[in-house]
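Observations on the model geometry
Read off the chains here:
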Amino acid sequence: QKLGLPVGKHVKVFGPNKKGKEDRQWNGRPDPEEGRTEIERKYTPVTCVKTAGYFELVLKVYRPGTVTMPDGKEMEWTDGGKMSQYLCHLKPNSTVEVSGPWGK
């Protein structure tokens, strides 16, 4: 089946909600997803709309550590990115829950 995702549309990817190193915190701030078992993130596939059987996403993995932001400020991320680390650690041929297309 072809994804056929038109311009301006995206998919939602779902994954487990990991707990932060500090109780009820994620990267040193209150965790807005505290108590949820699942998280979601929105991504725009980069695969050609005519490709059948799969789609690809561009993903930047946010690992724990000191991060230099575009404005030059340094920020300490004690936990990193929830979804990006989850997706990064999947093995080949793993599956994830995806829904969509979404957007206007």
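Please read all numbers here as calculations on a predicted model, not as lab measurements.

1. Focus: the pattern of salt bridges
Following the criterion strictly, the structure yields five salt bridges and no others. A salt bridge links Glu 40 to Lys 12; the nearest nitrogen and oxygen atoms lie 3.7 Å apart. Separated by 28 residues along the polypeptide, Glu 40 in strand β4 (residues 38-43) and Lys 12 in strand β1 (residues 10-16) bring together distant segments of the chain. On the basis of relative accessible area, Lys 12 is assigned to the buried category, the value being 15%. Taken together, the shared-partner salt bridges connect Asp 31, Glu 33, Arg 41 and Lys 82 into one network.

2. Brief notes about the sheet that holds β4
Ordered in space as β4-β1-β7, the three strands form an open sheet in which the pairing is antiparallel. Only two strands of the sheet have a single partner each, and these edge strands are β4 and β7 (97-102). Put simply, the sheet's adjacent strands are angled 25° from each other on average, direction ignored.

3. Notes on the environment of Glu 33
Along the polypeptide, Glu 33 turns up in the loop between β3 (29-30) and β4. In this structure, the C-alpha to C-alpha distance between Glu 33 and Thr 95, residues 62 residues apart in sequence, is 23 Å. If we ignore the near neighbours within four places in the chain, the residues touching Glu 33 are Asn 17, Ile 39, Arg 41 and Lys 82. Side chain to side chain, Glu 33 and Arg 41 meet in a polar contact 2.7 Å long.

The rules behind each value
Residues numbered from 1 in each chain as written. Predicted model: local features only at pLDDT ≥ 70, side-chain atom pairs only at ≥ 80, totals over all residues. Heavy atoms only, no water. Salt bridge = Lys/Arg side-chain N within 4 Å of Asp/Glu carboxyl O. Helix = DSSP H or I, 4+ residues; strand = E, 2+ residues; numbered from the N terminus. Buried < 20%, exposed > 50% of the residue type's maximum accessible area, 1.4 Å probe, protein only. Pairing = 2+ DSSP bridges. Axes fitted to C-alpha atoms, helices over the stretch in contact; angles between N-to-C directions. Contact = heavy atoms within 4.5 Å. Polar contact = N/O pair within 3.5 Å; in protein donor to acceptor, adjacent residues only side chain to side chain.

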